[in-house]
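Structural characterization, general
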Amino acid sequence: MLVKNAKIYLKGRLVEKNILIENGIIKKIGKIKGKGMDAKGYLVLPGLIDPHVHLRDMGMEYKEDFESGTKAAIAGGFTTVLDMPNNKNPITTYRRYKEKIKKAEKKIWCDVGFHFGGAKGNLKEVKKVNPLSLKIFMGKSTGNLLLSDEYEMWKHFHAFDKRKPIVVHAEDEGMLRAMEKMKIEREPIAEWVAVEKALSIAEYEKRNIYVAHVSTLRALKRIKEYRNGFAEASPHHLFLDGKKLPSYLKGVNPPLRNIKERKLLWQNLKLFDTVGSDHAPHTLKDKKGGAKGFPGLETSFHLFFDAYMRKRVNLEWILTRMAENPARIFGLKKRGIIREGYLGNLIFVNPKKEWIVKGKKMNTKAEWSPFEGMKLKGKVEKVILRGEIIYENGKFIKRKGVILR
Ligand code: DOR
Ligand code: ZN
């Protein structure tokens, strides 16, 4: 495949180049003769990587499944996603991990990797699986995956491959219980305590630590004090005002914070290492019953791209946080950059296209969005996976996702 006149971001500038992809790999970038696909008018970016999604398959298919979830990913510009282990039966054993892979293989439209769940006494299973990352819920969220006991947590921090990241949901279970007794909402202090604990143990064990959906500046600063501490931003903590949502919709763990906190996060955007959508699809019925989280795959990049169009964030920030850094941190080889020798995963963004967020029109089974009605500028109109068009103008063309191991 030859892509002509592609406007790409190279060494800090937007430049027009031709891109030749052979056998799924970028063979050459530069002046290349021959007929090809004209990319005029588009920004051509690397296939994005979302390191934090909940595809729900393996027991909660009525909320989402591998097919609908990975279609949502593609429509949102992601060619690689990492799926969380808090399934109906959490993915904490070798057997379930294998079952999940087997089920996903036949259904995925983009590439998918799996976080493995850390649970009490499952170190043997962790070693047998040797996953690309270990996810630890320090406090309870959706599902019953939890590892709050310090002894158990410490053992996992000690034993898990130090070249791979431990991802934590940082809300301290003890603090959550205290707040439940006081009958108050989850407060920032649950995040502060968990981050302090996770960072202390990680530093003591000289291992990396990746904190998902960081929602307060205090936590963000604490994480970035440590050279091997990584912080993930979630779109909803930056773009959503809970006060403007009906109260049954606004619930998410960790909760949306106030406008002051949001402003502080925006002012310190450079401290974040990645963006994870935390795509957490629920039906409206489940939301009314108190389910936490939002679908986010189809809005995550589009929100940041719209912010780029409004000069609130630069393209460099988006590309590092949504492609390059996730690839580096999670060890996903040859991904996240448009470079010779890298995978031919490209997305074509039409920067002039204005559209309105409508849950009903999305690919996620959730069929709603907390950003409903928002007008955004810029849309992903074409997706190329390993040198083949898999998505164009809302149509899915070829299913060729693979599992990352
Ligand atoms: O709001 C949330 N929803 N936070 C989480 O940590 C999990 C997620 C889910 O799986 O629904
Ligand atoms: Zn999550």
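Our structure's up above, just so we're on the same page.
So, a few notes on the structure that sits alongside this text. (Residues numbered from 1 in each chain as written. Chains lettered and ligands numbered in written order. Predicted model: local features only at pLDDT ≥ 70, side-chain atom pairs only at ≥ 80, totals over all residues. Heavy atoms only, no water.)

Quick look at the coordination of the zinc ion (ligand 2)
Heads up, the condition is: Water is not part of the atom set, so a site may look incomplete; the donors themselves are N, O and S atoms within 2.8 Å of the metal, or 3.2 Å for Na, K and Ca. Relative accessibility under 20% of the residue-type maximum defines a buried residue, over 50% an exposed one, and the middle range a partly exposed one, all with a 1.4 Å probe and only protein chains included.
On the protein side, the zinc ion (ligand 2) has His52 (NE2), His54 (NE2) and Asp278 (OD) as donor atoms, found 2.0 to 2.1 Å from it. Each donor residue of the zinc ion (ligand 2) lies on one chain, and together they are spaced H-x1-H-x223-D. Assessed through its relative accessible area of 1%, His52 is described here as buried. Taking relative accessible area as the criterion, His54 reaches 7% and is therefore assigned buried.

A few points about the packing of helix H11 (residues 300-309) against helix H12 (residues 315-329)
Put simply, the rule reads: Under this scheme, a helix contributes an axis fitted over its contacting stretch, all axes are lines through C-alpha atoms, and angles between N-to-C directions fall in the 0 to 180 degree range. By the criteria applied, helices consist of DSSP H or I runs no shorter than four residues and strands consist of E runs no shorter than two, each listed in order from the N terminus. An angle below 35 degrees is read as roughly parallel, one above 145 as roughly antiparallel, one from 65 to 115 as roughly perpendicular, and any other as oblique. Take the far helix as the reference: if the near one is turned anticlockwise from it by less than a right angle, the crossing is left-handed, and if turned clockwise, right-handed. Contact definition: two residues touch when any of their heavy atoms are within 4.5 Å. Residue polarity follows a fixed list, in which Ala, Val, Leu, Ile, Met, Phe, Trp, Tyr, Cys and Pro are nonpolar, Asp, Glu, Lys and Arg are charged, and the others, Gly among them, are polar.
Viewed as axis vectors pointing N to C, H11 and H12 meet at an angle of 160°, and their least axial separation amounts to 9 Å. Between H11 and H12, the interaxial angle falls into the category roughly antiparallel. Taken as a pair, H11 and H12 cross one another with a handedness that is right-handed. Residues Ser300, Phe301, Phe304, Phe305 and Tyr308 of H11 touch H12, and the partners they reach there are Leu315, Trp317, Ile318 and Met322. Residues belonging to the contact of H11 with H12 are distributed by class as follows: eight nonpolar, one polar and no charged.

Things to note about the pattern of salt bridges
Stated formally: Think of a salt bridge as a Lys or Arg side-chain nitrogen and an Asp or Glu carboxyl oxygen that are within 4 Å of each other.
Considering all chains together, one arrives at 31 salt bridges under this definition. Glu388 serves as the salt-bridge partner of Lys398, at 2.8 Å between the closest nitrogen and oxygen. Placement of the pair is Lys398 in the segment after strand S18 (395-396) and Glu388 in strand S17 (residues 388-392), with a sequence separation of 10 residues. According to the relative accessible area criterion, Lys398 is partly exposed, its value standing at 35%. Owing to a relative accessible area of 30%, Glu388 belongs among the partly exposed residues under this scheme. One connected set of salt bridges, linked through shared partners, spans Asp57, Glu61, Lys103 and Lys107.

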